[in-house]
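Tertiary structure, described
Below are the chains, spelled out letter by letter.
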Amino acid sequence: METSEFYGLCENIASYVWENKDSMTNSLYEGKTGAAVLFYELYRFSGEEKYEDMANHLIGSVASNIDLQDGKSFSLGALGVGWSLSILQKNDFIELEEKEVFTQIDIVAIFHACEGYGIKRGFLGVATYLLQRLEDKSILQSEFHVHYEKIIEVNEILSECIKERIQESSLYSYDELPYLLSYVRVSSEQEFLSTLAGLVHYYDKLIDVNIQPEISLLNLTYTINVINHILKFLLSDEFITAILPRDKEERVVIYLIFELYTALQVIKHKRPDINIVQNRTLLDEKMYFLLSKIQITDMGNERSLLLLKHLILLRRLTQYLKNESVPDYDNHPISKHLSKLNAALAKEFKDQLMPKKGVTEDEQKWGISGLSGLGLYFLALTTDVNENYYNALGI
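These numbers come from a predicted model, not from an experiment.

1. Description of the overall build of the chain
Helices and strands together make up the secondary structure of the chain, namely 16 helices and 0 strands. The buried share of the chain, taken over its 395 residues, is 58%. Nonlocal contacts in the chain, meaning residues at least 24 apart in sequence, comprise 72% of its contacts between residues at least 6 apart. Roughly 16900 Å² of accessible area belongs to the chain as shown, and the carbon and sulfur atoms make up 48% of that amount.

Written out as structure tokens, the structure is:
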């Protein structure tokens, strides 16, 4: 497909999202904040002021009505909103005059109790917000010191939580295949797998910005070893034969396996001094085989976030392959798989924007985990889009 066609799809999504702005929440994952990110990036690319006006309208509405009651939620609450405002300000899209907005959210991040360890409602979400605030050019020196101390504290808690969770995980203490098949379908275990992948990207960024680099490297290496241990079973011949997708739940498992696999691949390219895994060629072949079973069937519902992350991670891998001048790049299994999915996804969206019948507007995800995120993805196929937005998805 031509890039102009992907841009046209992005514009159609933006128009559809704007029409439904009054039914949205303020959240990053499902509402106005995520939609504003799409509009600002459209404005950057096209120069059309209508997109800037749309984004400013949404951000103005969000900033004047931040709900702190669900503050610890990164996906649906104030932490995700604050993270977005900070990154938009860093990218010179906005300049908030009322610094009290961040002050209120900072208090939530620093003092309120947390639920779990994941990015959506747990410590990884708090850490992601705090890390972005440390990079905010408007932060005061006194605030920087408080945030830095807090992120060190959160990192220690997060590290202990994950180590305890690993020992409790049925996937880590794999015994027999029937048990593994049942464990991997449990939502708490799926969240655990996704969080492990998110931690790889988080610890990698801590090293990049020089926050406790030695400790962060130790935590990164530990997490990589855990992922290797789990992938040894999830990519075994026995498990692959059993998990070949016959229904949607099994496709979810493949998405999660690929999320873990891609986390290792990213580190392999960025930090070649770290020993990632042995038998890499065999692991690649098994992953490529599983990828060939994925189809575009999961947009417009709870699995849409997993598919969106899958597409983004695929594109990231193809960029690494291209940058490394891999021979016959276009025929590489990853490149071919991504091209197939892009074409199928575009075809599905050409005729109707709501791709799955029976999905009502109330159930639609408008923000960065749904349609606006997909719009950003289509835009990324047209031009360079800031990769940092994807940090909000834990990748």
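2. Here we look at the packing of aromatic side chains
Per the counting criterion, the structure on display carries 10 aromatic pairs. With centroids separated by 5.9 Å and ring planes inclined at 25 degrees, the aromatic side chains of F6 and F378 adopt a geometry described as stacked. Remark: F378 occurs in helix α16 (residues 371-380) and F6 occurs in helix α1 (residues 3-19); sequence separation between them is 372 residues. Across the pair, exposure class does not vary: F6 and F378 are buried alike. With a centroid separation of 6.3 Å and an interplanar angle of 50 degrees, the aromatic rings of Y377 and F378 are classed as tilted. The pair formed by Y377 and F378 is uniform in burial state, with each residue classed as buried. Members of the aromatic cluster, connected to one another through ring pairs, are F6, Y377 and F378. Over the ring of W18 we find K21; its NZ or CZ atom is 4.3 Å from the centre of that ring. It is R165 that lies over the ring of F192; its NZ or CZ is 4.9 Å from the centre.

3. Focus: the packing of helix α7 (residues 141-168) against helix α10 (residues 213-234)
The interhelical angle for the contact between α7 and α10, taken along N-to-C directions, is 20 degrees, at an axis separation of 12 Å. Considering their axes alone, α7 and α10 lie roughly parallel with respect to each other. The handedness of the crossing between α7 and α10 comes out as left-handed. Residues S159, K163, I166 and Q167 of α7 form the contact with α10, whose participating residues are N219, Y222 and V226. Grouping the amino acids of the contact of α7 with α10 by side-chain chemistry returns 3 nonpolar, 3 polar and 1 charged.

4. Focus: the environment of F349
Within the fold, F349 resides in helix α15 (residues 333-351). Residue classification places F349 among the buried positions, given a relative accessible area of 4%. Separated by 340 residues in sequence, F349 and L9 have C-alpha atoms that sit 7.4 Å apart.

5. Topic: the pattern of salt bridges
Where charged atoms from two side chains of opposite charge approach closely, those side chains can pair. In this structure the tally under the stated criterion is 13 salt bridges. Across the pair E259 and K309 runs a salt bridge whose closest N-O atoms are separated by 3.0 Å. Placement of E259 in helix α12 (residues 248-270) and of K309 in helix α14 (residues 304-323) is noted, with a sequence separation of 50 residues between them. Residues joined in a network through salt bridges with shared partners are D204, D208, K270 and R271.

6. Considering helix α3 (residues 49-63)
Here α3 is 15 residues long and its end C-alpha atoms lie 21 Å apart, about the 21 Å a rise of 1.5 Å per residue gives. Among all positions in α3, only Y51, M54, A55, L58, I59 and V62 are buried. Buried residues of α3, seen end-on, are gathered within an arc of 125 degrees and therefore sit on one face of the element. Packed against the buried residues of α3 are α1, α2 (32-46) and α4 (78-90).

7. Regarding a negative patch on the surface
A contiguous patch of negative charge, built from E156, E160, E164 and E168, is present on the exposed surface. Within the secondary structure, E168 sits in helix α7.

8. What about the environment of L376?
Mapped onto the elements of the fold, L376 is located in helix α16. Between the alpha carbons of L376 and L38 there is a distance of 5.8 Å; along the sequence they are 338 residues apart.

9. So, unusual backbone geometry
Located in the positive-phi region is D92, a residue other than glycine, with phi close to 65 degrees. With respect to the secondary-structure elements, D92 resides in the loop between α4 and α5 (100-111). Its relative accessible area of 57% is what places D92 among the exposed residues. We note that N210 has phi near 65 degrees; this positive angle belongs to a residue other than glycine. Considering the arrangement of structural elements, one finds N210 in the loop between α9 (187-208) and α10. For N210, a relative accessible area of 54% corresponds to the exposed category.

10. With respect to the confidence of the model for the chain
Across the chain, the average pLDDT comes to 82, with 86% of residues at or above 70. Ignoring residues within four places in sequence, the model shows residues 354-363, a span with pLDDT below 50, making 15 contacts including any to other chains.

11. Observations concerning α1
Here α1 is 17 residues long and its end C-alpha atoms lie 25 Å apart, about the 24 Å a rise of 1.5 Å per residue gives. Considered for burial, the residues of α1 that qualify are F6, Y7, L9, C10, I13, A14, Y16 and V17.

12. A word on the environment of S23
Here S23 lies in the loop between α1 and α2. Residue S23 is classed as partly exposed on the basis of its relative accessible area of 45%. Once the C-alpha coordinates of S23 and W366 are considered, the two residues, 343 residues apart in sequence, prove to be 9.6 Å apart. Within polar-contact distance, the side chain of S23 engages the backbone oxygen of N20 at 2.8 Å.

Rules and cut-offs
Residues numbered from 1 in each chain as written. Predicted model: local features only at pLDDT ≥ 70, side-chain atom pairs only at ≥ 80, totals over all residues. Heavy atoms only, no water. Helix = DSSP H or I, 4+ residues; strand = E, 2+ residues; numbered from the N terminus. Buried < 20%, exposed > 50% of the residue type's maximum accessible area, 1.4 Å probe, protein only. Contact = heavy atoms within 4.5 Å. Areas by Shrake-Rupley, 256 points an atom, 1.4 Å probe, with all protein chains shown as cover. Phe/Tyr/Trp six-rings, centres within 6.5 Å; stacked < 30°, edge-to-face > 60°. Lys NZ or Arg CZ within 6 Å of the ring centre and 35° of its normal. Axes fitted to C-alpha atoms, helices over the stretch in contact; angles between N-to-C directions. Parallel < 35°, antiparallel > 145°, perpendicular 65-115°, else oblique. Left-handed = near helix turned anticlockwise from the far one by under 90°. Nonpolar A, V, L, I, M, F, W, Y, C, P; charged D, E, K, R; others polar. Salt bridge = Lys/Arg side-chain N within 4 Å of Asp/Glu carboxyl O. Expected span 1.5 Å × (residues − 1). Arc of directions from axis to C-beta. Patch = residues over 30% accessible without salt bridge, like charges linked within 9 Å, V, L, I, M, F, W, Y side chains within 5 Å. Lys, Arg positive; Asp, Glu negative; His and termini not counted. Charge placed at Lys NZ, Arg CZ, Asp CG, Glu CD. pLDDT = per-residue confidence, 0-100. Polar contact = N/O pair within 3.5 Å; in protein donor to acceptor, adjacent residues only side chain to side chain.

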